[in-house]
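# Residue-level structural notes
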Amino acid sequence: MTQNQNVADMAQARLRTSVDSAKLHVFLWGGKREWNTKNRMVSILSNDPVFNKSQRSFLTRTQLYQRALAMAKRIFELKDTHGWSTGDMVFAFKVIDEPLPIVLHNAAFEPVVQSQGDPELRKEVGELIAQRGILGCYLQTELGHGTNVASLETTATYIPETQEFEIQSPTLTSSKWWIGALGKTATHGVVQARLILPSGKDAGPHLFFIQLRSLENHRVLPGITIGDIGPKAMAGYAAVDNGYARFDRVRVPRGYMLSAFASVTPDGQYVQPPHAKLSYGGMMYIRASMVISGGWTIAKGATIAIRYATVRRQGNKGTDGLERQVITYPSVYYRLLPPLARAYVFIVLGRNLARAFADMSTRLASGDTSMLAEMHATTSGLKALVSTVAIEDLETARRSMGGHGFSDFAGVGRLYADYLPGATFEGDNFVLDQQVVRAALKAYDALVVRKTRSVASLTPSSAYLRLIVQGQLAPDVQSATAGGWEDPKTAILILEKRAAAMVAERARHQGDPDASSDQRVARAVTDAFVAVQVGQIIHSLEGHLGERNVAVLKKLYLLHLLTAAERALTDILSFNLLPTQEKTSAGRYDPSRGLRMSIKQLCEDLLPEVIGLTDGFGFIDWELDSALGQYDGNVYEELWKRVQGEPLNASEVPQGYEEFIKPLLRRGQRLAGRSKL
């Protein structure tokens, strides 16, 4: 097969698609202005030598860190040159496909200080933070504790005589650990520490602004020990200096407590916050942002894998003498189309969640905490779901590419390595599951047991509980040939029934749940929430997308709903929630066959559209940096070209020949009694 066949296959695939990718660009990026901004940023960065990616596969970790610093510096130089706005900067960092140390300043440090610092602190440091006159990090996780914030050991003892807090690391396990940008970059931080009042009372974890390094020579300040924690698994996050820190009676002024909500008076009296979890706002912000970032990460993996599967030919030959395109095999399209659908779901859902979080932040600023509990439950569930699914989808995409998927030049392995820690940072997913279940049981108790809450008062994350009160958990009666799966409402209702039934079952066995109960219940609750949101997305698809685009997107979103139901079949069948069907003459039937055949039909309907749908993300080759995900399909030529840049190929005889290979060969030849073949 020639490279021209690859290019011809890709060109033919684009001719087959009926969707208008230009309209999808606007839809997915949130508007024409956003899409144009993204395009402008990509054009500038992809043509700037500082952001060249051709050598990064061969760089050491130290070199990758230096490169990350150079990119951060260059972005701000470009900001000054082009007069970029704050929104432009957001897009500039978004289109860089690798973690940078400064991203922790943008995502964790700055939002927390701005939202939880009091006016005096914001006046003192706000402009420095905004202009990157200081660089920050968020010091929460410790060597001994991470997700369990309530058990953090670092202390901040208030000293009324000097009106200072004394930050102390009392044990080895209290050392701050895994803190992004702390190892070598950050000059300041927000540290989560247990507030100890003059009375000796422990008021629990609170946030404190602290300087870590000199602004004159970048040396670590007295009383603080800082370093990098070393390389991460699979070389993920290689350019980020995740660090550790220990504090030995480090003093900070009283005004450095982030006291927009909770505070300590000059004489040491504690002023309680209006809500116990206000200090978790930083984590909730990052969890909320992980939904849309997870969607875009899946989008990249799916785009690469689908493009390669479109031009890769293997197996049976057709009448044209060519082997079959891999994407046409059911075992391949069944693996790759659901991740494509999930990318479209999480991108739009993430954008909606960001708006909701902004609304909550505005309300919090005025003292309204009414949305906090709902946002905590929602972001906990979505963070766990999206990160878990994204990790699975990236690995599925990599494996679908066969042996070449293991090459760094394929690009998906790098995405996987960098995304993998998402399952544990900002809350371990298994622990977050417990928080989702806790919120669900609380809502169930109020609605069903104590009856202190009405159906009308249920929040979006608990709306499925109405089905218990309304007695709607019985399966619908349908014949085996009914087309109920073609209606999104069918899958949405079944996923809601599953959540309601599982929460009710969990409540019945609250004192003795099975070992996997929390994970299954949390997944059911979050799946139900997402399903309802997808139904709303389908309903709101606007006419400006074009009739054909809307028709294809409805099928893509329906595919997400049906595959979510398929993944949930163990629970759905356990509670007998599938539509009932007539038995065959043999007396046996597979109640899930209708669902599975509907999924197959949807995949086949969508197959001609997959290249158009992946083009809808708007990635250029520089963004994907994948030999196998080339826009024009010329994958093998690109892979061959990249291999030639491998430093081992610079010399015909390797450096270790004389010292290692030659003696080994001579030994073997001597023992075999032969000097030549």
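Up top you'll find the structure we're talking about.
In this report, the structure presented in the accompanying data block is examined. Treat the numbers as computed from the prediction; the structure is a model and nothing was measured.

### A look at the pattern of salt bridges
Throughout the structure, instances matching the rule amount to 44 salt bridges. A salt bridge links Asp 518 to Arg 506, with the shortest nitrogen-to-oxygen separation between them at 3.1 Å. Here Asp 518, found in helix H15 (residues 517-540), pairs with Arg 506, found in helix H14 (residues 488-508); they are 12 residues apart in sequence, far enough to count as distant. Exposure class is identical for Asp 518 and Arg 506. Each is buried. By sharing partners, the salt bridges in this structure join Lys 53, Arg 56, Arg 67, Asp 97, Glu 98, Asp 408, Arg 414, Asp 625, Glu 638, Lys 641 and Arg 642 into a single network.

### Things to note about the nonpolar core
The nonpolar side chains of a soluble globular protein tend to be buried with one another. Judged by nonpolar contacts, the single largest core of 128 residues is most densely connected at Phe 27, Leu 45, Tyr 344, Leu 553, Tyr 557, Leu 613 and Phe 617. Ranked by residues supplied to this core, first place goes to helix H9 (residues 330-365) with 17 residues. Those residues within four positions of Leu 45 in sequence are excluded, and the remaining contacts are Phe 51, Leu 78, Trp 84, Ala 92, Val 95, Ile 96 and Trp 622. Core analysis: the next-biggest nonpolar cluster, separate from the first, contains 42 residues, Cys 137, Ile 167, Ala 193 and Phe 209 among them.

### A closer look at the side chain of Arg 312
Following the sequence through the fold, Arg 312 ends up in the loop between helix H8 (281-311) and strand S12 (313-317). Reaching out from Arg 312, the side chain makes a polar contact with the backbone oxygen of Ser 400 at a distance of 3.5 Å. Setting aside residues no more than four positions away along its own chain, Arg 312 makes contact with Arg 324, Gln 325, Val 326, Ser 400, Met 401, Gly 402 and Tyr 636.

### Digging into the packing of H14 against H15
Between H14 and H15, whose axes approach to 8 Å, the crossing angle comes to 150°. It follows from the interaxial angle that H14 and H15 lie roughly antiparallel. In the packing of H14 onto H15, the handedness of the crossing is left-handed.

### Examining unusual backbone geometry
A positive phi angle, near 60°, is found at Glu 426, a position not held by glycine. Along the chain, Glu 426 turns up in the loop between helix H11 (412-419) and helix H12 (429-449).

### Some remarks on the side chain of Asp 48
When you line up the elements, Asp 48 lands in the loop between helix H3 (32-46) and helix H4 (61-82). Here Asp 48 falls in the buried class, since its relative accessible area comes to 9%.

### Quick notes on the environment of Val 26
Among the structural elements, Val 26 can be located in helix H2 (residues 21-29). According to the relative accessible area criterion, Val 26 is partly exposed, its value standing at 21%. For the pair Val 26 and Asp 571, spaced 545 residues apart in sequence, the C-alpha separation works out to 38 Å. Apart from the residues lying within four places of it in its own chain, the contact partners of Val 26 are Gly 31, Lys 32 and Trp 35.

### With respect to the pairing of strand S1 (residues 136-139)
Judged by which residues are buried, S1 turns out to be covered on both faces: Gly 136 and Tyr 138 on one side and Cys 137 and Leu 139 on the other are all buried. One ladder, built from 4 bridges, connects S1 with strand S5 (residues 188-196); its direction is parallel. Bridge pairing links Gly 136 to His 188 in S5.

### Focus on the packing of aromatic side chains
The relative placement of two aromatic rings is captured by the distance of their centres and the angle of their planes. Considering all chains together, one arrives at 15 aromatic pairs under this definition. Ring plane angle 50° and centroid distance 5.1 Å describe the contact between Tyr 344 and Phe 617, whose orientation is recorded as tilted. With a gap of 273 residues between them, Tyr 344 in helix H9 and Phe 617 in the loop between helix H19 (610-615) and helix H20 (621-624) connect regions that are remote in the sequence. Assessed through its relative accessible area of 0%, Phe 617 is described here as buried. Stacked on the ring of Phe 91, the Lys or Arg Lys 94 has its end atom at 4.9 Å from the ring centre. One cation-aromatic arrangement involves Arg 324 over Tyr 329; the distance from NZ or CZ to the ring centre is 4.2 Å.

About the criteria used
- Positions within a chain are numbered from 1, following the residues in the order the chain's sequence is written.
- Only residues with pLDDT of 70 or above have their local features reported here, since the model is predicted, and side-chain atom pairs are shown and tallied only from 80 upward, although totals for entire chains, interfaces and linings are computed over all residues.
- Heavy atoms throughout the structure, all of them, feed into the side-chain values; hydrogens and water do not.
- Between Lys or Arg on one side and Asp or Glu on the other, a salt bridge is scored when a side-chain nitrogen of the former is within 4 Å of a carboxyl oxygen of the latter.
- Secondary structure elements are taken from DSSP: a helix is a run of H or I of four residues or more, a strand is a run of E of two residues or more, and numbering for both begins at the N terminus.
- Partly exposed describes any residue whose relative accessible area lies between the buried limit of under 20% and the exposed limit of over 50%, with all areas from a 1.4 Å probe on protein chains only and scaled to the type maximum.
- Each nonpolar core is a collection of buried residues, namely Ala, Val, Leu, Ile, Met, Phe, Trp, Tyr and Cys, held together in the definition by side-chain atoms within 4.5 Å.
- Note on contacts: a residue pair qualifies if any of its non-hydrogen atoms lie within 4.5 Å across the two residues.
- Any pair of N or O atoms that falls within 3.5 Å is considered a polar contact. Within protein, one atom must be able to donate a hydrogen and the other to accept it, and sequence-neighbouring residues count only if both atoms are side-chain atoms.
- Here the axes come from fitting lines to C-alpha atoms, over the contacting stretch only for helices, and the angles between their N-to-C directions go from 0 to 180 degrees.
- Reported orientations rely on four angle classes, namely roughly parallel under 35 degrees, roughly antiparallel over 145, roughly perpendicular from 65 to 115, and oblique for the rest.
- Handedness of each helix crossing follows the sense of rotation of the near helix against the far helix: counterclockwise by less than a right angle gives left-handed, clockwise gives right-handed.
- The pairing criterion for strands is at least two bridges between them, as found by DSSP.
- Whether two aromatic rings pair depends on their centres lying within 6.5 Å, for rings of Phe, Tyr and Trp, where Trp uses its six-membered ring; planes under 30 degrees apart make the pair stacked, over 60 edge-to-face, and the rest tilted.
- Criterion for a charge above a ring: Lys NZ or Arg CZ within 6 Å of the ring centre, and within 35 degrees of the ring normal.

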